[in-house]
Amino acid sequence: MHRESTADTGWQVAGVKLQSRFLLGSASYPSPQALRDSIRVCATQVVTVGLKRVLAAQEPDGFVAVLRETLEACGARLLPNTAGCYSARDAIDMAHMARELYQTPWIKLEVIGEAHTLQPDPVELVEAARVLVREGFVVWPYCTDDLLTCRRLLDAGCAVLMPWGAPIGSGQGLLNPFALRTLRECLPNATLIVDAGIGTPSHAAQAMEMGFDAVLLCSAVSRSRDPVGMARAFALAIEAGRGAWCAGAIAKHDRAIPSTPTGAKP
């Protein structure tokens with residue numbers, strides 16, 4: 001697979017150039033100030049917000065105003081999501097509301113099929129993606145690591161793919177590295193972002209070392225003891241992981257290989 005030079009030149013979504021590979025969620029912070037400072041310290045350029053959560057007033061007073069002000073000051077973009085939707089129709093309606101409210105065609109598409117794991121419903125997800133792409137949205141689908149579903153989403157015209165590492169909010173990290181590596185190898189030209197299940201900076205670095213284009217997380221920062229400090233730690237880990245991917249790690253071997261050959265026979 002082609003690798004970039006060790007100097008990271010950024011990435012693009014629908015013609016929009018992005019430099020940061022750290023996407024941050026906006027839910028569950030202990031205060032608006034903690035959210036504001038976390039966004040600033042990690043220099044993210046994309047922040048997600050759940051429209052259903054906002055409409056249900058499950059955020060502190062002034063949340064949307066604080067978020068807009070912070071994004072404008074930092075030059076970041078808002079990525080509304082359809083979290084909480086369990087059908088294609090519900091997700092499509094929510095996407096239209098988000099576009100009207102936030103004046104952006106970008107939408108993180110979530111269509112949940114199972115309440116225990118919050119696993120995406122592949123059939124409803126692909127159907128919603130097809131409709132929204134036809135209607136001019138830039139669709140970022142939250143999906144599993146299933147290769148066939150991912151190919152169908154790309155065929156539907158999705159701008160990126162966002163496969164999970166583990167169930168949302170579980171903090172378990174990358175439960176199926178084989179499946180994620182397979183996605184990267186089989187879809188070399190797709191923009192792939194690990195979304196959900198990340199718990200520690202080492203999990204994020206692992207995803208970036210596999211060649212993923214970015215990482216999206218929320219709970220690992222917002223529910224940590226020190227969200228601002230954790231946001232900074234994740235930013236450093238993501239940068240390091242991307243640097244390692246671009247630089248090219250050595251191959252694994254079953255036996256020791258001396259770093260300084262002596263010429264002696266084994």
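Treat the numbers as computed from the prediction; the structure is a model and nothing was measured.

Colleague: Before we go on, may I ask you to explain helix H6 (residues 147–155) in this structure?
Modeller: Among the residues of H6, those classed as buried are Leu147, Thr149, Cys150 and Leu153. Viewed end-on, H6 has its buried residues packed into an arc of 160 degrees, placing them on one side of the element. Looking at the packing, one finds that the buried side of H6 touches helix H5 (122–134), strand E9 (138–143) and helix H7 (177–186). One or two positions beyond H6, positive phi appears at Gly157, with a value near 105 degrees.

Colleague: Explain unusual backbone geometry here, please?
Modeller: Negative phi characterises most residues that are not glycine, and trans characterises most peptide bonds. Residues other than glycine seldom take positive phi values, yet Ser28 does so here, at roughly 70 degrees. Here Ser28 shows up in the loop between strand E3 (22–25) and helix H1 (32–42).

Colleague: Would you take a moment to explain the state of the cysteines for this structure?
Modeller: Throughout this description, disulfide means a covalent bond between two cysteine sulfur atoms. Considering all chains together, one arrives at 0 disulfides under this definition. The thiol of Cys85 is not disulfide-bonded; the next cysteine sulfur, from Cys158, is found 15 Å away.

Colleague: Just to check I follow, could you spell out the nonpolar core for this structure?
Modeller: Proteins that are soluble and globular tend to have nonpolar side chains buried together. In this structure, Phe22, Leu67, Leu109 and Leu217 are the most contacted members of the largest nonpolar core, which totals 63 residues. Sorting elements by how many residues they give to this core places helix H4 (residues 88–102) first, with 7 residues. Among all residues touching Leu217, those that are not within four sequence positions of it are Phe22, Leu23, Leu24, Gly25, Ile198 and Phe234. Membership of the second largest hydrophobic core comes to 15 residues, among which are Val13, Val46, Ile193 and Ala214.

Colleague: How should the pattern of salt bridges be read in this particular structure?
Modeller: Two side chains that carry opposite charge are able to pair once their charged atoms sit near each other. Going through the model one piece at a time under the given rule, you end up with 5 salt bridges. Here Lys52 makes a salt bridge to Asp90, at a shortest N to O gap of 3.1 Å. Of this pair, Lys52 sits in helix H2 (residues 51–55) while Asp90 sits in helix H4, and the two are 38 residues apart along the sequence. Here Lys52 falls in the partly exposed class, since its relative accessible area comes to 30%. Residue classification places Asp90 among the partly exposed residues on the basis of a relative accessible area of 24%. With a closest N to O distance of 3.2 Å, Asp93 and Arg89 form a salt bridge. Remark: Arg89 and Asp93 occur in helix H4; sequence separation between them is 4 residues, near one turn of the helix.

Colleague: Whenever I open this one, the side chain of Thr48 confuses me. Can you help?
Modeller: By secondary structure assignment, the location of Thr48 is in strand E4 (residues 46–50). Look at Thr48 and you get buried, because its relative accessible area is 6%. Those residues in contact with Thr48, other than ones at most four positions away along the chain, are Leu24, Gly25, Ser26, Leu79, Asn81, Lys108 and Leu216.

Colleague: Help me out: how do you make sense of the packing of H1 against helix H3 (residues 63–74) in this one?
Modeller: Helix-helix packing is characterised by the crossing angle of the two axes and by the distance between the axes. Look at H1 against H3: their axes get within 10 Å of each other, and the N-to-C directions meet at 20 degrees. Taken as axis vectors, H1 and H3 run roughly parallel relative to one another. Seen from above, H1 lies across H3 with right-handed handedness. Between H1, through Pro32, Leu35, Arg36, Ile39 and Arg40, and H3, the contact on the second element is made entirely by Phe63, Val66, Leu67, Glu69, Thr70, Leu71, Ala73 and Cys74. Grouping the amino acids of the contact of H1 with H3 by side-chain chemistry returns 9 nonpolar, 1 polar and 3 charged.

Colleague: Even after reading the chapter, I still don't get the packing of H1 against helix H10 (residues 227–247), so can you show me in this structure?
Modeller: Put simply, H1 and H10 touch, their axes get as near as 8 Å, and they point 20 degrees apart. The angle between H1 and H10 falls in the class roughly parallel. Considering how the two elements wind past one another, H1 and H10 form a crossing that is right-handed. Contacts between H1 and H10 involve Ala34, Asp37, Ser38, Val41 and Cys42 on the former and, on the latter, Pro227, Val228, Ala231, Arg232 and Ala235. Among the residues forming the contact of H1 with H10, the class breakdown is 7 nonpolar, 1 polar and 2 charged.

The rules behind the values
- Residues numbered from 1 in each chain as written.
- Predicted model: local features only at pLDDT ≥ 70, side-chain atom pairs only at ≥ 80, totals over all residues.
- Heavy atoms only, no water.
- Buried < 20%, exposed > 50% of the residue type's maximum accessible area, 1.4 Å probe, protein only.
- Helix = DSSP H or I, 4+ residues; strand = E, 2+ residues; numbered from the N terminus.
- Arc of directions from axis to C-beta.
- Contact = heavy atoms within 4.5 Å.
- Disulfide = S-S within 2.5 Å.
- Core = buried A, V, L, I, M, F, W, Y, C linked by side-chain atoms within 4.5 Å.
- Salt bridge = Lys/Arg side-chain N within 4 Å of Asp/Glu carboxyl O.
- Axes fitted to C-alpha atoms, helices over the stretch in contact; angles between N-to-C directions.
- Parallel < 35°, antiparallel > 145°, perpendicular 65-115°, else oblique.
- Left-handed = near helix turned anticlockwise from the far one by under 90°.
- Nonpolar A, V, L, I, M, F, W, Y, C, P; charged D, E, K, R; others polar.

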